[in-house]
Number of protein chains: 2
Amino acid sequence: MLHSESAEDYLKTICKMGGTQGAVSTSALASRLGISPVSVHEMIRKLAEQGLVEYTPYRGVSLTPAGLRAAQNVFRRHRLWERFLHDSLGLPWARVHEEAERLEHATSQEVSDRLAQFLNYPQECPHGYPIGQETCACEDEAARPLLELAAGESAEIERVPEDNAQMLEYLDHLGLRPGVRVTMIEIAPFDGPVTIELAGERKAIGRPLAERILVHIAASHHTEHQGG
Amino acid sequence: MLHSESAEDYLKTICKMGGTQGAVSTSALASRLGISPVSVHEMIRKLAEQGLVEYTPYRGVSLTPAGLRAAQNVFRRHRLWERFLHDSLGLPWARVHEEAERLEHATSQEVSDRLAQFLNYPQECPHGYPIGQETCACEDEAARPLLELAAGESAEIERVPEDNAQMLEYLDHLGLRPGVRVTMIEIAPFDGPVTIELAGERKAIGRPLAERILVHIAASHHTEHQGG
DNA sequence: TGTTATAATTAGGCATGCCTTATAAAATTT
DNA sequence: AAATTTTATAAGGCATGCCTAATTATAACA
């Protein structure tokens, strides 16, 4: 809670883009954040001064241990609020992300700790992202894009993109929620649709979406998802 | 949720200082907010442009109906969060206000409506301030300062000042919480202490505090306060 | 190696919300 | 009515976080 909302958003985004592994290009970061490269460069400089990121010109930015800790804290607060908004308040799945996006910046460590306890230490947010006890991982090594499944192969949905309410409504409507089992039917050529089967029905989605939905092939380790 | 956090704070403070009845002096507002009179004047001008306050030079500011509605919304969100933080998360009474002060600015109408439902439409915040269904009153006509009680007179604590965590801890320690019955023993002369009896014990507090604690004489209409 | 594309950086600006200093105007007191 | 205090307003600044336009440095490619 020592950093500005803006700084927290930068750290989150750098983390999401892989700033824990290698370095993230500032122009990619800029286009993801929807902020001009010049402004991003300026902010990166400030974050580097504060020891939250490491910046090497022409290489990109990566999170320092302190920056990673800060980002993980924000993710944790975000995901805990999502669970509360969904499970306790019954806010629709698709609306949960945008509300949590604001609450995450207004939450102290004590409140998020108590919130975790109140929610009975949930393991993941409603979109399938993990919630650790103290921190939480940014990436799950075992997760693969739905698009990578071979025809006939089955998997369980692990995570869905959460940053677009309309997309979430669409996914919800299709039944494509974390924990649901899907089977790949076919990936049509010439950038055609991806056909999958879930709950006995066949659905076709676009390739870009199929690339952003993450699945895992191993048997379920998920807890039941409470209804909204 | 259309106004900046800063604007919301101004509207709240104007409301608290009586900006629904008469006009509030801008210098009084400035000292209450801890902001320079020049800056307050500037902000008042902007709020007046937006139709949220009415400003007459050398007289002061008052809330327009739109401004009142906005302020009441913020109060409602604030007090609902206080109830949640206290009743559901068990956050100590004295810490609740400062946390709600941040959450109130990050809460949509839908979330506050659902929060009210989740909390079972509570009537008041943990410090005794009313929570209306749609809006909520700023002042309670029936409430009188504790200091106005005559010796031997009994009353129930209605509200306590909530803006100072240390003071709240002190009040909590003395047992001076909303809903508690107190009897005035004496008000010592020469600005001396105010002695009251509660739960069979006598306690002395200072005059300024006794002036800010509001009581009502009629029998209790309060619902039970859930423990934290 | 030279050209081209990408990234970095400088310079100047804007809005918000705060600041101080200084002056002008009205209200209050004597 | 005159002096004093209070209030209003103007002028100029600062930090944050964003912008565009223009320049410079580096990387990548042919």
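Residues numbered from 1 in each chain as written. Chains lettered and ligands numbered in written order. Predicted model: local features only at pLDDT ≥ 70, side-chain atom pairs only at ≥ 80, totals over all residues. Heavy atoms only, no water.

### Points about the overall build of chain A
Part 1: A count of helices and strands for chain A gives eight helices and eight strands.
Part 2: Over its C-alpha trace chain A gives a radius of gyration of 18 Å, about what one expects of a compact globule, namely 17 Å for 228 residues.
Part 3: Taken along the three principal axes of its C-alpha coordinates, chain A extends 55 × 45 × 30 Å.
Part 4: The burial tally for chain A puts 47% of its 228 residues in the buried class.
Part 5: Contacts in chain A between residues at least 24 apart in sequence constitute 64% of all its contacts with a sequence separation of at least 6.
Part 6: For chain A, the accessible surface area stands at approximately 10800 Å², while carbon and sulfur atoms represent 50% of it. (Helix = DSSP H or I, 4+ residues; strand = E, 2+ residues; numbered from the N terminus. Rg over C-alpha atoms; globule rule 2.2 N^0.38 Å. Buried < 20%, exposed > 50% of the residue type's maximum accessible area, 1.4 Å probe, protein only. Contact = heavy atoms within 4.5 Å. Areas by Shrake-Rupley, 256 points an atom, 1.4 Å probe, with all protein chains shown as cover.)

### Some points on the protein's contact with DNA strand D
Part 1: Residues in close proximity to DNA strand D total 18 residues, the closest being Ser4, Ser36 and Ser39 of chain A together with Thr26 and His41 of chain B.
Part 2: Protein-adjacent atoms of DNA strand D, using a 4 Å cutoff, are sugar or phosphate at a proportion of 75%.
Part 3: Looking at which element gives the most residues to the surface near DNA strand D, the answer is helix 3 (residues 37-49) of chain A, with four residues.
Part 4: Taken together, the residues of the surface near DNA strand D sort by class into nine nonpolar, eight polar and one charged. (Near = heavy atom within 4 Å. Nonpolar A, V, L, I, M, F, W, Y, C, P; charged D, E, K, R; others polar.)

### A closer look at the relation of the copies chain A and chain B
Part 1: Under the fitted operation, chain A is carried onto chain B by 0.0 Å of movement along the axis and a turn of 180 degrees, and the coordinates agree to an RMSD of 0.1 Å. Expressed as an axis order, the relation between the two copies is that of a two-fold axis. In terms of C-alpha distance to the rotation axis, chain A has Leu103 of chain A as its closest residue, with the C-alpha 3.2 Å off the axis.
Part 2: Interface overlap between copies: 100% of the residues of chain A at the interface are likewise at the interface in chain B, consistent with a symmetric, same-surface contact. (Least-squares fit on C-alpha atoms with pLDDT ≥ 70 in both.)

### Considering the interface of chain A and chain B
Part 1: Residue-level contacts link 22 residues of chain A with 22 residues of chain B.
Part 2: Together chain A and chain B conceal approximately 1800 Å² of surface at their shared face, both sides included; 65% is due to carbon and sulfur atoms.
Part 3: The largest contributions to the chain A side of the interface with chain B come from Leu89, Ala106 and Arg114 of chain A, which together make up 28% of the buried area.
Part 4: Across the contact surface, chain A and chain B share two salt bridges.
Part 5: The interface formed by chain A and chain B holds 10 residue pairs in polar contact (both at pLDDT 80 or more) in total. (Buried area = accessible area lost by both parts, 1.4 Å probe. Salt bridge = Lys/Arg side-chain N within 4 Å of Asp/Glu carboxyl O. Polar contact = N/O pair within 3.5 Å; in protein donor to acceptor, adjacent residues only side chain to side chain.)

### So, the sheet that holds strand 4 (residues 154-159) of chain A
Part 1: The sheet built from six strands is open, its strands ordered 3-8-4-5-6-7 (chain A) with antiparallel pairing. The sheet terminates laterally at strand 3 (144-145) and strand 7 (201-205) of chain A, the two strands that pair on one side only. (Pairing = 2+ DSSP bridges.)

### Structural notes on the sheet that holds strand 8 (residues 214-216) of chain B
Residue and element names in this part refer to chain B.
Part 1: Sheet architecture is open: six strands sit in the order 3-8-4-5-6-7, paired in antiparallel fashion. The open sheet has two free edges, formed respectively by strand 3 (144-145) and strand 7 (201-205), since each of these has just one partner strand.
Part 2: In terms of strand pairing, strand 4 (residues 154-159) meets strand 8 through three bridges, oriented antiparallel. Looking at the pairing, Arg159 lines up with Leu214 of strand 8.

### So, the protein's contact with DNA strand C
Part 1: Taken together, 18 residues sit near DNA strand C, with Thr26 and His41 of chain A together with Ser4, Ser36 and Ser39 of chain B positioned nearest.
Part 2: A distance of 2.7 Å is found between a phosphate oxygen of DNA strand C and a side-chain nitrogen or oxygen belonging to Ser4 of chain B.
Part 3: Here a phosphate oxygen of DNA strand C sits 3.2 Å away from a polar atom, N or O, in the side chain of Ser6 of chain B.
Part 4: Broken down by secondary-structure element, the contributors of at least two residues to the surface near DNA strand C are helix 2 (26-33) and helix 3 of chain A together with helix 1 (5-16) and helix 3 (37-49) of chain B.

### So, the pattern of salt bridges
Part 1: In this structure the tally under the stated criterion is 28 salt bridges over all chains.
Part 2: A salt bridge links Arg77 of chain A to Glu8 of chain A, with the nearest nitrogen and oxygen atoms 2.9 Å apart. Placement of the pair is Arg77 of chain A in helix 4 (residues 65-88) and Glu8 of chain A in helix 1 (residues 5-16), with a sequence separation of 69 residues.
Part 3: Under the relative-accessibility criterion, Arg77 of chain A is labelled buried at 4%.
Part 4: For Glu8 of chain A, a relative accessible area of 3% corresponds to the buried category.
Part 5: As a salt-bridge pair, Arg177 of chain A and Asp172 of chain A come within 2.5 Å of each other at their nearest N and O atoms.
Part 6: Its relative accessible area of 32% is what places Arg177 of chain A among the partly exposed residues.
Part 7: The class for Asp172 of chain A is partly exposed, based on a relative accessible area of 32%.
Part 8: One network of salt bridges, with partners in common, ties together Arg95, Glu98, Glu99 and Arg102 of chain A together with Glu110 and Arg114 of chain B.

### Considering the pairing of strand 7 of chain B
Residue and element names in this part refer to chain B.
Part 1: Bridge count for strand 6 (residues 194-198) against strand 7 is five bridges, and the pairing is antiparallel. Pairing of Leu198 across the sheet is with Glu201, part of strand 7.
Part 2: Linking two consecutive strands that pair antiparallel, namely strand 6 and strand 7, is a turn of two residues; a positive phi of about 55 degrees is found at Ala199 within it.

### A look at the domain arrangement of chain A
Residue and element names in this part refer to chain A.
Part 1: With domains assigned, chain A is organised as domain 1 (1-136) and domain 2 (144-222).
Part 2: Computed from C-alpha coordinates alone, the two centres of domain 1 and domain 2 are separated by 25 Å.
Part 3: In this assembly, 13 residues from domain 1 lie in contact with 15 residues from domain 2.
Part 4: Summed over both sides, the interface between domain 1 and domain 2 buries roughly 1100 Å², with carbon and sulfur atoms accounting for 58% of that surface.
Part 5: When residues of domain 1 are sorted by the area they lose upon contact with domain 2, Trp93, Ala94 and Tyr129 head the list and together hold 48% of the total.
Part 6: Across the domain 1-domain 2 interface, the total number found is zero salt bridges.
Part 7: Linking domain 1 with domain 2 are zero residue pairs in polar contact (both at pLDDT 80 or more), by the criterion used here.
Part 8: Taken together, the elements giving at least two residues each to the side of domain 1 that touches domain 2 come down to helix 4 and helix 5 (93-103).
Part 9: Broken down by element, the residue count for the side of domain 1 that touches domain 2 peaks at four residues, all from helix 5.
Part 10: Each residue belonging to the side of domain 1 that touches domain 2 can be placed in one class, and the counts come to six nonpolar, four polar and three charged. (Domains from an automatic or database assignment.)

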